[in-house]
Protein chains: 2
Amino acid sequence: MKIAVLGTGMVGETIATKLAQSGHEVRMGSRTANNLKAAAWAVAAGAGGSAGTFADAAAFGELVFICTKGDGTLDALRAAGAASLAGKVLIDISNPLDFSKGMPPSLFISNTDSLGETIQRTFPEARVVKTLNTVNCRVMVEPSLIPGDHDMFMCGNDPQAKATVRTILTDWFGWRHVIDLGDITNARATEQLLPMWVRLWGVLKSPNFNLHVVKA
Amino acid sequence: MKIAVLGTGMVGETIATKLAQSGHEVRMGSRTANNLKAAAWAVAAGAGGSAGTFADAAAFGELVFICTKGDGTLDALRAAGAASLAGKVLIDISNPLDFSKGMPPSLFISNTDSLGETIQRTFPEARVVKTLNTVNCRVMVEPSLIPGDHDMFMCGNDPQAKATVRTILTDWFGWRHVIDLGDITNARATEQLLPMWVRLWGVLKSPNFNLHVVKA
């Protein structure tokens, strides 16, 4: 499958590498056509990897991962272009973290709105599914790093898009438990987990953990 | 031990009953001296139970549970009186839920502040520990309702107060795993779990669940 990964940071690199290793054609998108990290990634990825602008990548991909830092997400998607996102599954991994006031970060959108909803409103023809934003990027693509049962959340307005994403999470990435929270407004719930995630990282001294929902 | 439970709703009643059954002297506090629910609870609780105003209860208790709805918490504590809270462990179970905009609720304080911090700022001589606010009230006092491993969070500025609360959680209520998140600013993290809690309640069709932090 042809897949766009927007973002050249640790999350983008981890997702793009996993997808390329799984045999997909992956184009990593960044602000400029000559981004060194994206070019180096494409060389390392081999035949299945390529690099380009956000617009190049989004036009190429049949599905799109948005892996930028949260404060760059909307700009990256505008650069990608609404036309290239229309009708496609857009997997939103980004978090609205605000580091401008120091650590721990706060959220620049929260409570009565979310970044996931903002993306869906701004690009109404994209089929946005929010997921993976509640774990470290290594855990995203290798959930077996964490022993036993633990859960990945997803939400979005399009049931078929969520079915596609569930398959990606389970069959491609190895997630055993995926909880569909409902429509995209539930991005409020998953994005507001970040303050707990950041704090637990400090308490546990490791980013390799996840939450499990335990039922009676 | 003499304990004040402020609030006559489901949370207050559940906590007060558990404490009375454990052999403590419990005074349930409410806005008025002749609150029918508090009076009925005191009769049902037997010798260890009594009822009074918020001020009566706070003056009586060696430690204080605040179990009101979040939008009544500060008023209840003002009625209790700073002098009667000074030096005492104040266990804050309340959540800043705002139902005024319909379901699901939003939070009336969040992100860069929390209700727990607001209480500590407003009553600087109280030794505030935030805990139990992330589970249903039945689970609070009977964590074995949920099978297997799952976690209770707590936070607060006073290490001795947290040691007291840890004993209450483990020895009195039966919690096997208590995670100390750090100072009271971490109430932001636990209060912002509520949107996820509310959503999971909808998905699971039951309030009897909890989170387990699973480490690599």
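Now for a quick tour of the structure.

Cut-offs and rules
- Residues numbered from 1 in each chain as written.
- Chains lettered and ligands numbered in written order.
- Predicted model: local features only at pLDDT ≥ 70, side-chain atom pairs only at ≥ 80, totals over all residues.
- Heavy atoms only, no water.
- Salt bridge = Lys/Arg side-chain N within 4 Å of Asp/Glu carboxyl O.
- Helix = DSSP H or I, 4+ residues; strand = E, 2+ residues; numbered from the N terminus.
- Buried < 20%, exposed > 50% of the residue type's maximum accessible area, 1.4 Å probe, protein only.
- Axes fitted to C-alpha atoms, helices over the stretch in contact; angles between N-to-C directions.
- Parallel < 35°, antiparallel > 145°, perpendicular 65-115°, else oblique.
- Contact = heavy atoms within 4.5 Å.
- Nonpolar A, V, L, I, M, F, W, Y, C, P; charged D, E, K, R; others polar.
- Least-squares fit on C-alpha atoms with pLDDT ≥ 70 in both.
- Phe/Tyr/Trp six-rings, centres within 6.5 Å; stacked < 30°, edge-to-face > 60°.
- 1 Å grid on protein atoms, 1.4 Å probe; cavity = no way out; pocket = protein on both sides within 12 Å on 5 of 7 lines; lining within 4 Å.
- Points joined across faces, edges and corners; volume = space filled by probe spheres on them.
- Pairing = 2+ DSSP bridges.
- Buried area = accessible area lost by both parts, 1.4 Å probe.

The final tally for this structure, using the stated rule, is 18 salt bridges over all chains. Here B:Lys101 makes a salt bridge to B:Asp98, at a shortest N to O gap of 2.9 Å. With a closest N to O distance of 3.2 Å, B:Arg176 and B:Asp149 form a salt bridge. Taken as a pair, B:Arg176 in the loop between helix 8 (159–172) and strand 10 (178–180) and B:Asp149 in the loop between helix 7 (137–141) and strand 9 (152–156) lie far apart in primary sequence, 27 residues in all. Taking the relative accessible area as the measure of exposure, B:Arg176 reaches 56% and is therefore exposed. With a relative accessible area of 36%, B:Asp149 lands in the partly exposed category. Connected through salt bridges with shared partners, the residues A:Asp92, A:Lys130 and A:Glu191 form a single ionic network.

This part takes up the packing of helix 4 (residues 70–80) of chain B against helix 6 (residues 115–122) of chain B. Residues and elements named next belong to chain B. The geometry of helix 4 relative to helix 6 is characterised by a closest axis approach of 11 Å and an angle of 10° between their N-to-C directions. As far as their axial angle goes, helix 6 and helix 4 are roughly parallel. Along its contact with helix 4, which presents Gly70, Thr73, Leu74 and Leu77, the element helix 6 presents Leu115, Thr118, Ile119 and Thr122. Broken down by class, the residue content of the contact of helix 4 with helix 6 amounts to four nonpolar, four polar and no charged.

To go from the first copy of the chain to the second, apply a rotation about an axis and then a shift along the same axis. Mapping chain A onto chain B leaves a residual RMSD of 0.0 Å; the transformation is a rotation of 180° accompanied by 0.0 Å of translation along its axis. The operation mapping one copy onto its partner corresponds to a two-fold rotation axis. When each C-alpha of chain A is compared by its distance to the rotation axis, A:His212 comes out closest, at 2.5 Å. Same-surface contact between copies: 100% of interface residues of chain A are shared with the interface of chain B.

So, on to the packing of aromatic side chains. All names here are of chain A. Going through the model one piece at a time under the given rule, you end up with six aromatic pairs over all chains. With a centroid separation of 5.3 Å and 50° between ring planes, the pair formed by Trp197 and Trp201 is classed as tilted. One end of the pair, Trp197, and the other, Trp201, are both in helix 10 (residues 194–204), four residues apart, so they sit about a helical turn from each other.

Let us look at empty space enclosed by the protein. One pass over the structure, following the stated rule, counts two cavities of 30 Å³ or more. Each pocket or cavity is described by its volume, and for the largest cavity that value is around 70 Å³. Surrounding the largest cavity, A:Thr134, A:Phe153, A:Leu193, A:Met196, A:Trp197, A:Leu200, A:Phe209, A:Asn210 and A:Leu211 form its lining. Residue composition of the lining of the largest cavity, grouped by class: seven nonpolar, two polar and no charged. Considered as a void within the structure, the second largest cavity measures approximately 40 Å³ in volume. Every residue along the wall of the second largest cavity is listed here: B:Thr134, B:Leu193, B:Met196, B:Trp197, B:Leu200, B:Phe209, B:Asn210 and B:Leu211. Of the residues that constitute the lining of the second largest cavity, the class distribution is six nonpolar, two polar and no charged.

Attention shifts here to the sheet that holds strand 3 (residues 49–53) of chain A. Residue and element names in this part refer to chain A. The strand order across the open sheet formed by eight strands is 3-2-1-4-5-8-9-10, and the pairing between neighbours is mixed. In the strand order of this sheet, the two ends are held by strand 3 and strand 10 (178–180), each with one partner. Neighbouring strand axes in the sheet, compared pairwise and without regard to direction, differ in orientation by 25° on average. Where helix 6 (residues 115–122) meets the sheet, its contacts fall on strand 5 (89–92) and strand 8 (127–131), and the angle it forms with strand 8 comes to roughly 170°.

On to the sheet that holds strand 2 (residues 25–30) of chain B. Residue and element names in this part refer to chain B. If you trace the eight strands from one edge of the open sheet to the other, you get 3-2-1-4-5-8-9-10, paired in mixed fashion. Because the sheet does not close on itself, it has two edges, and the strands there are strand 3 (49–53) and strand 10. Neighbouring strand axes in the sheet, compared pairwise and without regard to direction, differ in orientation by 25° on average. Pairing geometry for strand 4 (residues 63–66) and strand 5 (residues 89–92), over four bridges, is parallel. By the bridge assignment, Val64 is partnered in strand 5 with Leu90.

All right, on to the interface of chain A and chain B then. Chain A puts 35 residues into the contact, and the matching count from chain B is 35 residues. Among the residues of chain A in contact with chain B, A:Gln192, A:Met196 and A:Val214 are the three that bury the most area, contributing 20% of the side total. Put simply, chain A and chain B have zero salt bridges between them. If you list the elements that add at least two residues to the side of chain A that touches chain B, you get strand 7 (106–107), strand 10, helix 9 (187–191), helix 10 and strand 11 (209–215) of chain A. Considering each element in turn, the side of chain A that touches chain B owes the most residues, seven residues, to strand 11 of chain A. Class assignment for the residues of the side of chain A that touches chain B results in 19 nonpolar, 12 polar and four charged. Where strand 11 of chain A lies against strand 11 (residues 209–215) of chain B, seven bridges are found, and the strand directions are antiparallel. Each bridged residue has a counterpart across the sheet, and for A:His212 the counterpart in strand 11 of chain B is B:His212.

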